[in-house]
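# A structural walkthrough
Residues per chain, in single letters:
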Amino acid sequence: KFTLDKKASAFTLTDDPLLVADGKFFVVKVAPDATVQPVPDEDGNVNADNIMAIYQVCVHLGCLVPYIPSEKRFICPCHGSTYERDTQYVRGPAPRNLDQFPVKVVNDNIVVNTGLRKTGNPHA
């Protein structure tokens, strides 16, 4: 489990995703009406802050996927799979959305459980 230094209240909907390199994940705040929502934590609750932890590994062949601020998307350098900032698949050979880790927000502290990876939804 990772507890972030940055508080949940400090994230905005326009922030670029924050990379937590040690855990190989990004943290981003998404809108309540985003196409993909944060996954429930181990207690079955979704954090009210709409904070999402996105696994940095491409679901195609396992390359590390950077966030490209100029494109406002995650783009895999290996085969071009592209994803929105809420993990939603856009194009490329990837079979599904990026995977997520459950997030719990306790007293404005963000705790990410990297031991419970949730597989992204497949696309049509």
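Description of the structure in this document. (Residues numbered from 1 in each chain as written. Predicted model: local features only at pLDDT ≥ 70, side-chain atom pairs only at ≥ 80, totals over all residues. Heavy atoms only, no water.)

## A short note on the pattern of salt bridges
- Applying the stated rule across the entire model yields 7 salt bridges.
- Across the pair D15 and K6 runs a salt bridge whose closest N-O atoms are separated by 3.6 Å.
- Among the salt bridges present, the one from D99 reaches R96, with a minimum N-O distance of 3.1 Å.
- One salt-bridge network, held together by shared partners, links K1, E42, D43 and K104. (Salt bridge = Lys/Arg side-chain N within 4 Å of Asp/Glu carboxyl O.)

## Digging into the sheet that holds strand β8 (residues 89–91)
- The 4 strands are arranged β5-β6-β7-β8 in an open sheet whose pairing can be described as antiparallel. Each end of this open sheet is capped by a strand with a single partner; those strands are β5 (67–68) and β8.
- In the sheet, strand β7 (residues 82–83) pairs with β8 via 2 bridges, with the strands oriented antiparallel. Bridge pairing in β8 places Y83 opposite Y89. (Pairing = 2+ DSSP bridges. Helix = DSSP H or I, 4+ residues; strand = E, 2+ residues; numbered from the N terminus.)

## Quick word on the sheet that holds strand β10 (residues 103–106)
- Strand order in this open sheet of 3 strands is β1-β11-β10, and the pairing throughout is antiparallel. Two strands in the sheet have a free side with no partner beyond their single neighbour: β1 (2–3) and β10.
- As paired elements, β1 and strand β11 (residues 109–112) share 2 bridges and run antiparallel to each other. Directly across from T3, in β11, lies its bridge partner V111.

Remember, this is a structural readout, not a statement about activity or role.
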